[in-house]
Amino acid sequence: MNIIDGKKVSARVKAEVKAEAESLKAKGISIGLAVVIVGDNPASRVYVNNKKKACAEVGFDSFEYALPAETTQDELLALVDKLNSDAKVDGILVQLPLPSHIDKNAVINAISPEKDVDAFHPQNVGHIMIGDYAFLPCTPAGVMELIAETGIEVSGKKCVVIGRSNIVGKPMAMLLLHKNGTVTITHSRTRDLPSVTSEADILVAAVGKAGFVTADMIKPGAVVIDVGMNRNAEGKLCGDVDFEGCKEKAGYITPVPGGVGPMTIAMLMRNTLTAAKMHNGCQD
Ligand code: NAP
């Protein structure tokens, strides 16, 4: 059993981003991320604080817009519009979920694709589909970094993704496919899920149910990546994988916390750097 250390890999990615940000700064280019939060969802507040902290770590400016829960959709769209044309802002992130009176898709679609560092805009989703993209979908891209860390090639491997959400499951499957994995996407209507997952050389769980993946569902020696971020009965953060039960059988496994979570933020920093380079005409 090998535990993949997401904190270590994310620190490495952030150090690379920081070094590039410093060399841009030396040319007079500063990098800015606008983070918009609507309402007072405590989990969203934690995510926003972590993103601001990461910006400070890598030397980006962060601009927080904390709006009250009763903000109207038009008010939010007006803010997005303003940020789209603000030269100090390279990336715009609207923290999800939004209050139910706001149409999430209308907001995502309003963000300029060049500043869409979450890669949720349909234009960027299309780019990911065809494998020609500037912005990586943050969580799946973080998972790919963690798989790369094992030294195991994705090419030709049986890869199973549990979950088909637009932000994790579907783009995850695409990135594995681009690396020539043989990919199966599973979901709540999949029949006999354990028979599918136990064939996987690489298993990615993005279900949102604590301890959902048990040892009988994994192949001996598999790479098991846990995207889940759930709270157990004691309120403790835990993943979708029964870590204790699976750790001896898996070849490689990610813990929660300390696995995929830190990678998502590191990838967001990398996307913001990419956006700044695009806006300043200094792409590689
Ligand atoms: P989501 O939109 O709720 O999607 C969950 C997926 O799991 C759905 O496709 C659903 O299938 C599938 N599912 C539910 N029950 C199932 C079952 N019994 N068997 C097989 N599949 C089942 O969730 P999400 O946004 O993708 O997030 C998934 C998890 O990842 C959550 O815990 C979330 O907090 C976490 N997350 C973590 C990060 C990070 O940075 N670490 C980032 C994003 C999300 P149907 O489509 O059929 O309903």
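Up top is the structure.
### A few points about the overall build of the protein
Tallying secondary structure elements over the protein gives 10 helices and 11 strands in all. In summary, the protein has a C-alpha radius of gyration of 19 Å against a globular reference of 19 Å for 284 residues, a match within 12%. Each principal axis of the C-alpha distribution contributes one length, and for the protein these read about 50 × 40 × 35 Å. Taken across its 284 residues, the protein has 46% of its residues classed as buried. Looking at the protein alone, contacts between residues at least 24 apart form 70% of all its contacts between residues at least 6 apart. Mean positive and mean negative side-chain charge positions of the protein (30 and 33 charges, respectively) differ by 3 Å.

### A few points about the packing of helix 1 (residues 6-26) against helix 10 (residues 260-279)
The geometry of helix 1 relative to helix 10 is characterised by a closest axis approach of 8 Å and an angle of 20° between their N-to-C directions. With respect to helix 10, the axis of helix 1 lies roughly parallel. Classified by chirality, the crossing of helix 10 by helix 1 is left-handed. Contact residues: Gly6, Lys7, Val9, Ser10, Val13, Lys14, Glu16, Val17, Glu20, Ala21 and Leu24 in helix 1; Pro262, Met263, Ala266, Met267, Met269, Arg270, Leu273 and Lys277 in helix 10.

### So, the site of the ligand
As a structural note, the neighbourhood of the ligand is formed by 22 residues, with Arg164, Ser165, Ser188, Met229 and Thr264 the closest of them. The contact in question runs from an oxygen atom of the ligand to an N or O atom on the side chain of Ser165, over 2.5 Å. Val227 is positioned such that a nitrogen or oxygen atom in its backbone is 3.4 Å from a nitrogen atom of the ligand. In isolation the ligand has 930 Å² of accessible area, and contact with the protein removes 72% of it.

### Notes on the sheet that holds strand 4 (residues 91-94)
Strands sit in the order 3-2-4 across an open sheet of three strands; the sheet is parallel. The outermost strands of the open sheet, each flanked by one partner alone, are strand 3 (61-67) and strand 4. The mean angle between the axes of side-by-side strands here comes to 15°, regardless of whether they run parallel or antiparallel. Where strand 2 (residues 32-38) meets strand 4, four bridges bridge the pair, whose relative direction is parallel.

### What to know about helix 1
Taking 1.5 Å of rise per residue, 21 residues should cover 30 Å, and helix 1 covers 30 Å from first to last C-alpha, within 8% of that figure. The set of residues buried in helix 1 consists of Gly6, Val9, Ser10, Val13, Lys14, Val17, Ala21 and Leu24. Down the axis, helix 1 shows its buried residues gathered within 130° of arc, on one side only. Across from the buried face of helix 1, at angles greater than 90 degrees, the exposed residues are Lys8 and Ala26.

### A few points about the nonpolar core
Membership of the largest hydrophobic core comes to 53 residues, with the highest contact counts inside it found for Phe60, Leu176, Ile225 and Met269. In terms of residue count, the dominant contributor to this core is helix 10 (10 residues). Setting aside its immediate chain neighbours within four residues, Met269 contacts Val17, Leu33, Lys51, Ala54, Cys55, Val58 and Phe60. Judged by nonpolar contacts, the second largest core, of 15 residues, contains Val160, Ile162, Ala200 and Ala205.

### Description of the pairing of strand 7 (residues 202-205)
Burial along strand 7 is two-sided: the face carrying Ile202 and Val204 and the face carrying Leu203 and Ala205 are both buried. Inspection of the sheet shows strand 5 (residues 158-162) paired to strand 7 by four bridges, in the parallel sense. Paired with Val160 across the two strands is Leu203, which belongs to strand 7. Direction of pairing for strand 7 relative to strand 8 (residues 223-226): parallel, over a ladder of four bridges. Within the sheet, the bridge partner assigned to Leu203 lies in strand 8 and is Val224.

### What to know about the pattern of salt bridges
Applying the stated criterion across every chain, the model contains 12 salt bridges. Between Glu149 and Lys8 there is a salt bridge, with its nearest N and O atoms 3.5 Å apart. Separated by 141 residues along the polypeptide, Glu149 in helix 6 (residues 138-150) and Lys8 in helix 1 bring together distant segments of the chain. When its relative accessible area of 30% is taken as the criterion, Glu149 is described as partly exposed. One salt bridge connects Glu149 with Arg12, and the closest N-O pair in it is separated by 3.1 Å.

### Comments concerning unusual backbone geometry
Each neighbour pair has its own omega, and for Leu96 with Pro97 the value is 0°, a cis peptide bond. Along the chain, Pro97 falls in the loop between strand 4 and helix 4 (104-110). Here Ala119, not a glycine, exhibits a phi torsion of approximately 60°, which is positive. Here Ala119 shows up in the loop between helix 4 and helix 5 (122-130). A relative accessible area of 4% means that Ala119 is categorised as buried. Here Asn180, not a glycine, exhibits a phi torsion of approximately 70°, which is positive. Mapped onto the elements, Asn180 comes out in the loop between helix 7 (169-178) and strand 6 (182-186).

Quick notes on the rules
Residues numbered from 1 in each chain as written. Predicted model: local features only at pLDDT ≥ 70, side-chain atom pairs only at ≥ 80, totals over all residues. Heavy atoms only, no water. Helix = DSSP H or I, 4+ residues; strand = E, 2+ residues; numbered from the N terminus. Rg over C-alpha atoms; globule rule 2.2 N^0.38 Å. Buried < 20%, exposed > 50% of the residue type's maximum accessible area, 1.4 Å probe, protein only. Contact = heavy atoms within 4.5 Å. Lys, Arg positive; Asp, Glu negative; His and termini not counted. Charge placed at Lys NZ, Arg CZ, Asp CG, Glu CD. Axes fitted to C-alpha atoms, helices over the stretch in contact; angles between N-to-C directions. Parallel < 35°, antiparallel > 145°, perpendicular 65-115°, else oblique. Left-handed = near helix turned anticlockwise from the far one by under 90°. Near = heavy atom within 4 Å. Polar contact = N/O pair within 3.5 Å; in protein donor to acceptor, adjacent residues only side chain to side chain. Areas by Shrake-Rupley, 256 points an atom, 1.4 Å probe, with all protein chains shown as cover. Pairing = 2+ DSSP bridges. Expected span 1.5 Å × (residues − 1). Arc of directions from axis to C-beta. Core = buried A, V, L, I, M, F, W, Y, C linked by side-chain atoms within 4.5 Å. Salt bridge = Lys/Arg side-chain N within 4 Å of Asp/Glu carboxyl O.

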